[in-house]
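Summary of the model geometry
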Amino acid sequence: MQTVEATSLDLETRADAHDHEALRLWLRLLTCTNLVETEIRSRLRQDFDCTLPRFDLLAQLDRHPEGLKMGELSKRMMVTGGNVTGITDQLESEGWVVREKMEHDRRAFLIKLTPRGKKAFAKMAQAHETWIERTIGQLSTAEREQLFNLLGRLKAAIPFQG
């Protein structure tokens, strides 16, 4: 049984059998995305007192131990520079990230995880992986492969607008 919150996120209910199949498929994809994201946001908040944007920033830095400039973080996270600055300020005050001046450009900073940030993120990342595995794991291996391949074909068919 769906919760009231899940039902309100179920954009698929906006369509009916008379709507174009592509629209119904789009709404189903969007609904699945929203449901998974809502669950992840809730679990991050409940288990780690962390927001999804903070988790995303930490994940980017974890993948790039050499550090990333603020502009690069902004591009990778697809948010404004102001959002990245605000999150970075918070994480820096908690001792999870540091700003290091760049040798060749004293106006720019590299943002890096601290050992404390790495340790905290590792715990969150492990839990996140478990949550995703439980969700996606409800599909068989063959179904996951098929869905992955089909979504890859869809992704490739969408013209890049960046």
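As recorded in an unreviewed UniProt entry, the protein chain goes by MarR family transcriptional regulator and comes from Pandoraea thiooxydans.

Quick look at helix H5 (residues 81–93) now. Taking 1.5 Å per residue as the helical rise, H5 with its 13 residues ought to reach 18 Å, and the 18 Å between its terminal C-alpha atoms agrees with that figure. Three or more residues of H5 are buried, namely Val84, Ile87, Thr88 and Leu91. Here the buried residues of H5 occupy an arc of 100° about the axis, which is enough to place them on one side. Opposite the packed face of H5, turned more than 90 degrees from it, sit the exposed residues Gly82 and Ser93. Those residues of H5 that are buried are in contact with helix H3 (52–63), helix H4 (70–77), strand S2 (97–101) and strand S3 (109–113). Positioned one or two residues after H5, Gly95 has a phi angle of 80°, which is positive.

Below, the discussion takes up the confidence of the model for the protein chain. Model confidence for the protein chain is summarised by a mean pLDDT of 89, while 88% of its residues fall at 70 or above. For the stretch residues 1–7, pLDDT sits under 50, and the model shows 4 contacts to residues farther than four places along the chain or on other chains.

In this section: the sheet that holds S2. Across the sheet, 3 strands lie side by side as S1-S3-S2; this open sheet has antiparallel pairing. Only two strands of the sheet have a single partner each, and these edge strands are strand S1 (68–69) and S2. By the bridge criterion, 2 bridges tie S1 to S3 in an arrangement that is antiparallel. Its bridge partner lying in S3, Leu68 is registered against Ile111.

As a further point, take unusual backbone geometry. Even without being glycine, Asp49 reaches a positive phi, approximately 50°. As for its position among the elements, Asp49 is in the loop between helix H2 (21–48) and H3. Residue Asp49 is classed as exposed on the basis of its relative accessible area, which comes to 67%. With phi around 55°, Met78 is a residue other than glycine that occupies positive phi space.

The rules behind these values
- Residues numbered from 1 in each chain as written.
- Predicted model: local features only at pLDDT ≥ 70, side-chain atom pairs only at ≥ 80, totals over all residues.
- Heavy atoms only, no water.
- Helix = DSSP H or I, 4+ residues; strand = E, 2+ residues; numbered from the N terminus.
- Expected span 1.5 Å × (residues − 1).
- Buried < 20%, exposed > 50% of the residue type's maximum accessible area, 1.4 Å probe, protein only.
- Arc of directions from axis to C-beta.
- Contact = heavy atoms within 4.5 Å.
- pLDDT = per-residue confidence, 0-100.
- Pairing = 2+ DSSP bridges.

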